[in-house]
Amino acid sequence: TMIDWSSIRHFAESEFACLCGQCPGSMDETLVRELDEVRAIYGHPIIITSGLRCPARNAAVGGASDSAHLTGQAADVRWSESGMRSLLSAALGRREIGRIEIAPRHLHLEHRPERPARVLGGRSW
């Protein structure tokens, strides 16, 4: 399904594009809508550091061979304020974001129904 980007309040399609600039894929609509709600709850800008990735880009950044970024089902985000804890709280409140990983400089947020386990700092909980 193609996303109606005019209904997304806080993000543009270009923010999720693969850095190669040529990927024909698109982001998962549920993930984008959930991220839009996370941004509304958080109340501060959220920077998408990685959205859709082609296999070459994924390999270049050391992504897993089955990375959800390859199918547009994951986004890595960082924040412009010092409120990582409140951003994490906002993300945890969204039921469709099934997997959350905390890295030193970003959060990995994922919507992949076949892999529902939540992860925090590399540990399931």
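All values reported here derive from a predicted model rather than from experimental measurement.

Draft legend 1. Representation of the nonpolar core in the model. One finds Phe 16, Leu 35, Val 77, Leu 87 and Leu 109 to be the most contacted residues of the largest nonpolar core, which totals 25 residues. Of all the secondary structure elements, the ones that give two or more residues to this core are α1 (29–42), β1 (46–50), β2 (74–79), α3 (84–92) and β4 (107–110). Here the element with the most residues in this core is α1; it accounts for 5 residues. Dropping the residues within four chain positions of it, Leu 87 is found in contact with Val 38, Tyr 42, Ile 46, Val 77, Trp 79 and Leu 107.

Draft legend 2. Structural detail: the pairing of β4. Because side chains alternate across β4, one face comprises the buried residues Leu 107 and Leu 109, and the other comprises His 108 and Glu 110, equally buried. Examined bridge by bridge, β2 and β4 share 4 bridges and lie antiparallel to one another. Looking at the pairing, Ala 75 lines up with Leu 109 of β4. Direction of pairing for strand β3 (residues 99–102) relative to β4: antiparallel, over a ladder of 4 bridges. Its bridge partner lying in β4, Glu 101 is registered against His 108. Turn length for the β3-β4 hairpin, with the two strands adjacent in sequence and antiparallel, is 4 residues.

Draft legend 3. Molecular detail of the pairing of β2. Among the 6 residues that make up β2, 5 are buried, leaving the element largely enclosed by the rest of the structure. Across 4 bridges, β1 lies against β2 in antiparallel orientation. Residue pairing for β2: Ile 48 is matched across the bridge by Val 77.

Definitions and limits used
Counting restarts for each chain, with residues numbered from 1 along the sequence as it is written. A pLDDT threshold of at least 70 governs which residues receive local features in this predicted model, and a stricter bar of 80 or more applies before side-chain atom pairs are shown or counted, although totals over entire chains, interfaces and linings include all residues. Working from all heavy atoms in the structure, the side-chain values ignore hydrogens and water. What is meant by a nonpolar core is a set of buried Ala, Val, Leu, Ile, Met, Phe, Trp, Tyr and Cys residues, joined one to another through side-chain atoms within 4.5 Å. Classification of residues uses two cut-offs on accessible area relative to the type maximum, computed with a 1.4 Å probe and protein chains only: under 20% is buried, over 50% is exposed, and between them is partly exposed. The helix and strand labels rest on DSSP assignments: H or I over at least four residues marks a helix, E over at least two residues marks a strand, and numbering proceeds from the N terminus. Residues count as neighbours in contact if any of their non-hydrogen atoms are within 4.5 Å of one another. Pairing between strands requires that DSSP locate at least two bridges from one strand to the other.

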